[in-house]
Amino acid sequence: MNLAEAASTVPNLSGVFTGLFSGFADQFNTAVTSGVVPIAGGVIVLTIGVPLVVKFAKKLINK
């Protein structure tokens, strides 16, 4: 491998790395939006919904 070949592989390597990093960033973003958001929504639903269901059930039982 001469200097010209070595010099031509360096941009390719940096392109590979930037591709990997941008791909990883995309995967991370989709994982966050598809994983964290539904989990947060589920937690909110549980914290608000469960007490409501319990209150409703108590009213039904007391009748």
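Predicted, not measured: the structure shown is a model, and the values here were computed from it. (Residues numbered from 1 in each chain as written. Predicted model: local features only at pLDDT ≥ 70, side-chain atom pairs only at ≥ 80, totals over all residues. Heavy atoms only, no water.)

Q: Teacher, can you tell me more about the overall build of the protein chain here?
A: Across its full length, the protein chain holds 1 helix and 0 strands. In summary, the protein chain has a C-alpha radius of gyration of 26 Å against a globular reference of 11 Å for 63 residues, an excess of more than 25%. Seen through its C-alpha atoms, the protein chain measures out along the principal axes to roughly 90 × 10 × 10 Å. Residues counted as buried form 0% of the 63 residues belonging to the protein chain. For the protein chain, the exposed surface amounts to about 5500 Å²; the carbon and sulfur share of it is 77%. (Helix = DSSP H or I, 4+ residues; strand = E, 2+ residues; numbered from the N terminus. Rg over C-alpha atoms; globule rule 2.2 N^0.38 Å. Buried < 20%, exposed > 50% of the residue type's maximum accessible area, 1.4 Å probe, protein only. Areas by Shrake-Rupley, 256 points an atom, 1.4 Å probe, with all protein chains shown as cover.)

Q: Explain the packing of aromatic side chains to me, please; I cannot follow it from the model alone.
A: Each aromatic ring pair is specified by the distance between its two centres and by the angle formed by the two planes. The full count for this structure, using the stated rule, is 1 aromatic pair. Ring geometry for Phe-24 and Phe-28: centres 6.3 Å apart, planes at 25°, overall stacked. One end of the pair, Phe-24, and the other, Phe-28, are both in helix α1 (residues 3–62), 4 residues apart, so they sit about a helical turn from each other. (Phe/Tyr/Trp six-rings, centres within 6.5 Å; stacked < 30°, edge-to-face > 60°.)

Q: Just to check I follow, could you spell out α1 for this structure?
A: In an α-helix, one full turn covers 3.6 residues, which means residues spaced three or four apart are oriented alike. With 60 residues, α1 extends 86 Å between its outermost C-alpha atoms, agreeing within 8% with the 88 Å of an ideal straight helix rising 1.5 Å per residue. A maximum bend of about 30° is found in α1 at Gly-49, where proline Pro-51 lies one to four positions downstream. (Expected span 1.5 Å × (residues − 1). Bend = angle between axes of the 7 residues up to and from the residue.)

Q: Where do I start with the environment of Gly-41 in this structure?
A: Positionally, Gly-41 belongs in helix α1. Separated by 13 residues in sequence, Gly-41 and Val-54 have C-alpha atoms that sit 19 Å apart.

Q: Mind showing me how you'd approach a nonpolar patch on the surface here?
A: Taken together, the side chains of Leu-13, Val-16, Phe-17, Leu-20 and Phe-21 define a hydrophobic patch exposed on the protein surface, amounting to about 550 Å² of accessible area. By secondary structure assignment, the location of Phe-17 is in helix α1. In this structure Phe-17 comes out as partly exposed when scored by relative accessible area, which is 48%. (Patch = residues over 30% accessible without salt bridge, like charges linked within 9 Å, V, L, I, M, F, W, Y side chains within 5 Å. Salt bridge = Lys/Arg side-chain N within 4 Å of Asp/Glu carboxyl O.)

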